[in-house]
Amino acid sequence: MKFNLKYAVIGCLAASIVTPAFAAGSGADTYKAKCAMCHGADGLGTTPAGKAMKAASFKDPAIVKAPDSELIATATNGKGKMPAYKGKLTDDQIKSAIAYIRTLQK
Ligand code: HEC
């Protein structure tokens, strides 16, 4: 009985560690939670915060053409008024958020 309980506790701990990693898999969720307040659900940057800070429209040809690596670097290190997400989001979360932005450019 003691043994079973121990394994049950380890099982719960493992599950609680694994869960956030699953949540991080969705770029759409990350984008909606962290980016949409400025960039807008449609990525056009027309929210009040986006307008105030002059957030670029993701449909801007320069951003459509920019390689993923550049957009990832911007989200990681920040640029102008764009906040840096280094340490706040994992590399995978940033990557999947950028992948989601690509879907908004179509
Ligand atoms: C507080 C408002 C704000 C939030 C939140 C925000 N951004 Fe931005 N973002 C900006 C602004 C302002 C710019 C324009 C920066 C510039 O060109 O000076 C920008 C620009 C960008 C660019 C384009 C960079 C380029 O090369 O011109 C990308 C990509 C980007 N943001 C991604 C993200 C992602 C991903 C998130 C969420 C993890 C996010 N942003 C959250 C304000 C924000």
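Given the structure is predicted, the values throughout are model-derived calculations rather than measurements. (Residues numbered from 1 in each chain as written. Predicted model: local features only at pLDDT ≥ 70, side-chain atom pairs only at ≥ 80, totals over all residues. Heavy atoms only, no water.)

Draft legend 1. View of the coordination of the iron atom of the ligand. Each protein donor to the iron atom of the ligand is listed here as His39 (NE2) and Met82 (SD); together their distances run 1.9 to 2.0 Å. Angles of 87 to 179° at the metal separate the six donor atoms of the iron atom of the ligand, which places the site in the octahedral class. Taken as a pair, His39 in helix H2 (residues 27-39) and Met82 in the loop between helix H5 (68-77) and helix H6 (91-104) lie far apart in primary sequence, 43 residues in all. Residue classification places His39 among the buried positions, given a relative accessible area of 11%. Under the relative-accessibility criterion, Met82 is labelled partly exposed at 23%. (Donors = N, O, S within 2.8 Å, 3.2 Å for Na, K, Ca; no water. Tetrahedral: all angles 85-135°; square planar, octahedral: opposite > 155°, others 65-115°. Helix = DSSP H or I, 4+ residues; strand = E, 2+ residues; numbered from the N terminus. Buried < 20%, exposed > 50% of the residue type's maximum accessible area, 1.4 Å probe, protein only.)

Draft legend 2. Local environment of the packing of H5 against H6. At a closest axis distance of 10 Å, the pairing of H5 and H6 adopts a crossing angle of 125°. By the angle between their directions, the pair H5 and H6 is classed as oblique. Along this stretch, H5 crosses H6, giving a crossing that reads as right-handed. On the side of H5, the interface is formed by Asp68, Leu71, Ile72, Ala75 and Thr76, while H6 contributes Ile94, Lys95, Ile98 and Arg102. Partitioned by chemical class, the residues of the contact of H5 with H6 number five nonpolar, one polar and three charged. (Axes fitted to C-alpha atoms, helices over the stretch in contact; angles between N-to-C directions. Parallel < 35°, antiparallel > 145°, perpendicular 65-115°, else oblique. Left-handed = near helix turned anticlockwise from the far one by under 90°. Contact = heavy atoms within 4.5 Å. Nonpolar A, V, L, I, M, F, W, Y, C, P; charged D, E, K, R; others polar.)

Draft legend 3. Examining the environment of Ala84 more closely. By the secondary structure assignment, Ala84 is in the loop between H5 and H6. Distance in space between the C-alpha atoms of Ala84 and Ala73 is 9.1 Å, their sequence separation being eleven residues. Sequence-distant contacts of Ala84, that is, excluding residues within four places in its chain, are made with Ala75, Thr76, Asn77 and Gly78.

Draft legend 4. Spatial organisation of the packing of aromatic side chains. With the rule as written, the count across this model stands at two aromatic pairs. Between the aromatic rings of Tyr31 and Tyr100, the centroid separation amounts to 5.3 Å while the plane-to-plane angle is 50°, which identifies the pairing as tilted. On the criterion of sequence distance, the pair formed by Tyr31 in helix H2 and Tyr100 in helix H6 is long-range, its members being 69 residues apart. With respect to class, Tyr31 is no different from Tyr100; both count as buried. Three or more aromatic residues joined by ring pairs form one cluster here, namely Tyr31, Phe58 and Tyr100. The cationic tip of Lys88 hangs over the ring face of Tyr85; the distance from NZ or CZ to the ring centre is 5.6 Å. (Phe/Tyr/Trp six-rings, centres within 6.5 Å; stacked < 30°, edge-to-face > 60°. Lys NZ or Arg CZ within 6 Å of the ring centre and 35° of its normal.)

Draft legend 5. Main features of unusual backbone geometry. The backbone of Lys54 sits at a positive phi, close to 60°, despite the residue not being glycine. Relative to the elements of secondary structure, Lys54 occurs in the loop between helix H3 (48-53) and helix H4 (61-65). A relative accessible area of 72% means that Lys54 is categorised as exposed.

Any functional reading would require information that these geometric values do not contain.
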